[in-house]
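Notes for the structure review
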Amino acid sequence: MIIQKIQDFSLSTIAESGQCFRMNLLERGTYRVIAFGKYLEVTPLGNDTFQFSCTEDDFLHVWTDYFDLTADYRALKALVPPDDAFLSAAVNYGWGMRILRQDPWEVTVSFIISQRKSIPAIKTAVETICTNFGTPAYADGKQYYPFPSAEKIADLSCSDIGCCSLGYRDKYVTGAARSVACGDLDFTKLREADTQAAGNILRSLYGVGEKVASCILLFGLHRINAFPEDTWIKRIIDSEYAGAFPKNLYEGHLGIIQQYMFYFARSTEYQRAAPLN
DNA sequence: TGCCAGGCTTCAC
DNA sequence: GTGAAGCATGGC
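All residue numbers refer to positions counted from 1 along the written sequence of the respective chain. Chain A is the first chain written and ligand 1 is the first ligand written, with later ones labelled in order. Reporting in this predicted model follows two pLDDT cut-offs: at least 70 for local features of residues, and 80 or more for side-chain atom pairs to be given and counted; totals over whole chains, interfaces and linings ignore these cut-offs and use all residues. Excluding hydrogens and water, the side-chain figures rest on all heavy atoms present in the structure.

1. Observations concerning the side chain of Arg 22
- With respect to the helices, strands and loops of the structure, Arg 22 is situated in the loop between α1 (11-15) and β2 (23-27).
- Throughout this description, a polar contact denotes any pair of N or O atoms lying within 3.5 Å of each other; where both atoms belong to protein, one of them has to be capable of donating a hydrogen while the other can accept it, and for residues adjacent in sequence the pair is counted only when both atoms sit in side chains. A polar contact is formed between the side chain of Arg 22 and the side chain of Glu 127, at a distance of 2.8 Å.
- Apart from residues lying up to four places away in sequence, Arg 22 is in contact with Arg 32, Val 33, Ile 34, Glu 106, Val 126, Glu 127, Cys 130, Tyr 145, Pro 146 and Phe 147. A run of H or I in DSSP becomes a helix once it reaches four residues, and a run of E becomes a strand once it reaches two; helices and strands are each numbered from the N terminus. Contact definition: two residues touch when any of their heavy atoms are within 4.5 Å.

Shown next, in the form of structure tokens:
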């Protein structure tokens, strides 16, 4: 068990911002995270202090990286011009945001599934994949299901994986799994490649286009300048920026800005004031 | 019951 | 190269 003081860190903001699908609220503010085959519970204790249900070794070598705890987003927020009312409100609303450093394989599958699905439906599909094909594991007597390996998914037919509500995306997921399993898609090499080259490789996968590739770059490879433009971001750029968002102001950190925009655009606070649809 | 969802591929033109 | 059609299924 680790007790840690962390400033500018909000579990609810991170969990509800649409970047991950296996971080869930249990009770009284405690969130459960399943990632990299490990199980974690994080409980806010007040005064910027959090309890992590892990060893010191895992905290230092797994979760500090995962939650991007060494980063400081304050300098980025300071770049937002005061006269940009939307983005000023967005970075304020998204207090405690972090861009998680997730497993790129899990991110690839999750965001392939995400196309034309609601976030609750994505979470259901991802969880069903884990319970059906993940190898059960235990932490403190609790059973959980890690995300299955690419090799495991590669052995499945579209019919086998049909129980996971993937619809027409089933062939995209099995195809990506086979690319990883046979070595054609190597995330170790992608980490070393420049962002443009990595994006080109990702877009060569069947079922991966510009938006999903950007999500894999941002959430799986921590290329924080990747800027996924989904329907929400496009509507915001049209309605708040007359179709021209000033990306040049945030060069190098566009992915973080995008995450504040996405999280705020979907909030009831913004929807009440300026509904997008 | 009907509409919509963190898009993509395919096919005309 | 550009734009429209079609897509499976869950959640509200």
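Resuming the write-up.
2. Observations concerning the domain arrangement of chain A
- The split into domains, and so the bounds of each, comes from an automatic or database assignment of domains. Domain annotation for chain A reports domain 1 (2-70), domain 2 (74-93 + 222-277) and domain 3 (105-220).
- The distance between the C-alpha centroids of domain 2 and domain 3 comes to 27 Å.
- Each side of the interface is counted separately: domain 2 has 13 residues, and domain 3 has 14 residues.
- With both sides pooled, the region where domain 2 packs onto domain 3 buries about 910 Å², and carbon together with sulfur makes up 61% of that total.
- By definition here, a salt bridge exists when the distance from a side-chain nitrogen of Lys or Arg to a carboxyl oxygen of Asp or Glu is within 4 Å. Where domain 2 touches domain 3, the interface holds zero salt bridges.
- Counting the contacts that link domain 2 with domain 3 gives seven residue pairs in polar contact (both at pLDDT 80 or more). Buried area: the accessible surface (1.4 Å probe) lost by two parts on joining, summed over both.

3. A look at the protein's contact with DNA strand B
- A molecule or strand has a residue near it when one of that residue's heavy atoms lies within 4 Å. By nearness alone, 31 residues border DNA strand B, and Gly 18, Arg 116, Ser 118, Ile 119 and Gln 258 come closest of all.
- For DNA strand B, the fraction of atoms within 4 Å of the protein that belong to sugar or phosphate moieties is 58%.
- At a separation of 3.1 Å, a sugar or linking oxygen of DNA strand B approaches a polar side-chain atom of Gln 115.
- Within the side chain of Arg 266, one N or O atom sits 3.3 Å away from a phosphate oxygen of DNA strand B.
- Of all the elements in the fold, those that place two or more residues in the surface near DNA strand B are α5 (104-114), α11 (210-220), α12 (231-241) and α13 (254-265).
- Ranked by residue count, the leading element in the surface near DNA strand B is α11, at four residues.
- Gly is placed with the polar residues, together with every amino acid not listed as nonpolar (Ala, Val, Leu, Ile, Met, Phe, Trp, Tyr, Cys and Pro) or charged (Asp, Glu, Lys and Arg). Classifying every residue of the surface near DNA strand B gives 13 nonpolar, twelve polar and six charged.

4. With respect to the packing of α5 against helix α6 (residues 119-133)
- Angles shown run from 0 to 180 degrees and are taken between the N-to-C directions of axes, each axis being a line fitted to C-alpha atoms and, for helices, limited to the stretch in contact. Following both chains from N to C, one finds α5 and α6 inclined at 135 degrees, their axes separated by 9 Å at the closest point. Of the possible angle classes, the one that applies to α5 and α6 is oblique. Between α5 and α6 lies a crossing of right-handed hand. Residues Val 109, Ser 110, Ile 113 and Ser 114 of α5 form the contact with α6, whose own contacting residues are Ile 122, Ala 125, Val 126 and Ile 129.
- Grouping the amino acids of the contact of α5 with α6 by side-chain chemistry returns six nonpolar, two polar and no charged. Any angle that is under 35 degrees is reported as roughly parallel, and any over 145 degrees as roughly antiparallel; angles of 65 to 115 degrees are reported as roughly perpendicular and all others as oblique. Crossings are classed by handedness, with left-handed meaning an anticlockwise turn of the near helix from the far one by less than a right angle and right-handed meaning a clockwise turn.

5. Quick word on the pairing of strand β4 (residues 38-46)
- Pairing of strand β3 (residues 30-35) with β4, which is carried by five bridges, proceeds in the antiparallel orientation. Bridging across to β4, Val 33 finds its partner in Leu 40.
- Whether two strands pair comes down to DSSP finding at least two bridges between them. Taken together, β3 and the strand that follows it, β4, pair antiparallel across an intervening segment of two residues, in which Phe 36 is found at a positive phi of about 50 degrees.
- Note that β4 and strand β5 (residues 49-52) share four bridges and pair antiparallel. Among the inter-strand pairings, Val 42 is bridged to a residue of β5, identified as Phe 52.
- Between β4 and β5, which pair antiparallel one after the other, the connecting turn spans two residues, and Asn 47 there sits at a positive phi close to 55 degrees.

6. Remarks on the layout of surface pockets
- Here the term cavity refers to a set of points on a 1 Å grid, laid over the protein atoms alone, in which a 1.4 Å probe fits but cannot get out; the term pocket refers to an open set having protein on both sides within 12 Å along at least five of seven lines, with lining residues being those that place an atom within 4 Å of a point. Grid points are joined across faces, edges and corners, and a volume is the space filled by probe spheres set on the points. Empty space within the largest pocket amounts to approximately 550 Å³.
- Every residue lining the largest pocket is counted, 30 residues in all, and those nearest its centre are Ser 114, Lys 117, Lys 211, Asp 230 and Thr 231.
- Secondary structure elements with two or more residues in the lining of the largest pocket: α5, α6, α11, α12 and α13.
- With five residues, the top contributor of residues to the lining of the largest pocket is α11.
- Partitioned by chemical class, the residues of the lining of the largest pocket number eleven nonpolar, ten polar and nine charged.

7. So, the packing of aromatic side chains
- Aromatic rings from Phe, Tyr and Trp, with only the six-membered ring used for Trp, were paired whenever their centres fell within 6.5 Å, and each pair was classed as stacked if the ring planes differed by under 30 degrees, edge-to-face if by over 60, and tilted otherwise. Inspection of the entire model under this criterion finds 23 aromatic pairs.
- An angle of 50 degrees between the planes, with centres 5.5 Å apart, marks the rings of Tyr 93 and Phe 264 as tilted. Placement of the pair is Tyr 93 in helix α4 (residues 85-93) and Phe 264 in helix α13, with a sequence separation of 171 residues.
- Here the term buried applies to any residue with accessible area under 20% of the maximum for its type, exposed to any over 50%, and partly exposed to those in between, with areas from a 1.4 Å probe on protein chains only. Residue Phe 264 is classed as buried on the basis of its relative accessible area, which comes to 5%.
- Put simply, the rings of Phe 86, Tyr 93, Phe 227, Tyr 241, Phe 245, Tyr 250, Tyr 263, Phe 264 and Tyr 270 pair up and form one aromatic cluster.
- The positively charged end of Arg 235 is found above the aromatic ring belonging to Trp 232, 4.5 Å away from the centroid. By definition here, charges over rings are those cases where NZ of Lys or CZ of Arg is within 6 Å of the ring centre and within 35 degrees of the ring normal.

8. Description of helix α8 (residues 170-181)
- Given a helix with a known number of residues, its expected span is that number minus one, times 1.5 Å. For α8, spanning twelve residues, the distance from its first C-alpha to its last is 17 Å, which sits close to the expected 16 Å at 1.5 Å a residue.
- Buried within α8 are the following residues: Asp 170, Tyr 172, Val 173, Thr 174, Ala 176, Ala 177, Ser 179 and Val 180.
- Packing partners of the buried residues in α8 comprise α5, α7 (150-154) and α9 (187-192).
- Positive phi appears at Gly 183, one or two residues downstream of α8, with a value of about 95 degrees.

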